[in-house]
Amino acid sequence: VCEAGAYMNYNVLFMNVTEGDISEVINAVEGGKIDAVILTRSMENDRAMQYLEKTGFPVGLAGQYAGEDVITVDIDNQGATEELVTMMIAKGFRRFALILEEINYVVNRNRYNGFMNALMKSGISEKKQYIYAGKVYDNVMEMVMADILSNKTDCIVCGDDELCVRIMSWLQGEGYRIPRDIAIVSLYNGSALNLMRPSVTAIDTSARSVGTELGKQVCHFLQGERYQKKTLLDYEILIRRSTDK
């Protein structure tokens, strides 16, 4: 976002926004300090988005949103998750564990929908799958993993790379062999996976590309130029050793 803004002669101001405190955004907007707001997370019932839409202030979002006046750039996370899980089903996996830590984020809701679509289209019962939505703190890791293993899971689907590393480390620390005893995939191919062995099957996307494109489209809008309101960027599925059958 910063690079795109600098290229088009805009400065970027960073603001901290939480679910309960959007005061920095309100002060910046009402104080006339900024021309537009870019939100880097799409959340359900987001107070910042509701405020910006109500005031008619220009807003861009890294994610998907139904509002007509919001500029959005995102990856097709629902389609990517559906495609990856369908590929795992084709490999012979039938019992999955889906772990999503922040289900109130729209990106994870889309991933959940993609997961369920893959099961439905493949004729696999969702009742036999293990789904956990919530923070996997250290004190609950043991419980979550016990539930996953007792459900005879043969493939764990992790919402992101950092969660995947933590789960892989726990499994290997307990003597489980990946993928011989259990397979694992990540719905985001972040840098945290680079040092993991075996290499991890993952959805490869570019957060940098999302930011660059979003910055460009918001700047085009501010300058009265032609811009694209809704953009979906491509992804690649990397099949690696963590899902060898």
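Okay, so let's go over this structure. (Residues numbered from 1 in each chain as written. Predicted model: local features only at pLDDT ≥ 70, side-chain atom pairs only at ≥ 80, totals over all residues. Heavy atoms only, no water.)

To continue, consider the environment of V59. Mapping V59 onto the fold places it in strand β2 (residues 59-62). On the basis of relative accessible area, V59 is assigned to the buried category, the value being 4%. It is 9.2 Å that separates the C-alpha atoms of V59 and D35, two residues lying 24 residues apart in sequence. Setting aside chain neighbours within four positions, we find V59 in contact with V37, L39, M49, L52, D69, V70 and I71. (Helix = DSSP H or I, 4+ residues; strand = E, 2+ residues; numbered from the N terminus. Buried < 20%, exposed > 50% of the residue type's maximum accessible area, 1.4 Å probe, protein only. Contact = heavy atoms within 4.5 Å.)

Here we take up the layout of surface pockets. Roughly 180 Å³ of internal volume is contained in the second largest pocket. At the level of elements, α3 (47-55) and α8 (207-222) are the ones that each hand at least two residues to the lining of the second largest pocket. Looking at the lining of the second largest pocket, its residues break down into nine nonpolar, one polar and three charged. (1 Å grid on protein atoms, 1.4 Å probe; cavity = no way out; pocket = protein on both sides within 12 Å on 5 of 7 lines; lining within 4 Å. Points joined across faces, edges and corners; volume = space filled by probe spheres on them. Nonpolar A, V, L, I, M, F, W, Y, C, P; charged D, E, K, R; others polar.)

For the structure shown, the criterion picks out seven salt bridges. D181 serves as the salt-bridge partner of R177, at 3.0 Å between the closest nitrogen and oxygen. The class for R177 is partly exposed, based on a relative accessible area of 43%. With a relative accessible area of 33%, D181 lands in the partly exposed category. (Salt bridge = Lys/Arg side-chain N within 4 Å of Asp/Glu carboxyl O.)

Most of strand β3 (residues 71-75) is tucked away, with five of its five residues classed as buried. The alternating pattern of β3 places I71, V73 and I75 and T72 and D74 on opposite faces, both of which are buried. Here three bridges tie β2 to β3, and the two strands are oriented parallel to one another. Note that in β3 the partner of L61 across the bridge is T72. Looking at chain direction, β3 and strand β9 (residues 230-233) are connected through four bridges and run parallel. Note that in β9 the partner of T72 across the bridge is K230. (Pairing = 2+ DSSP bridges.)

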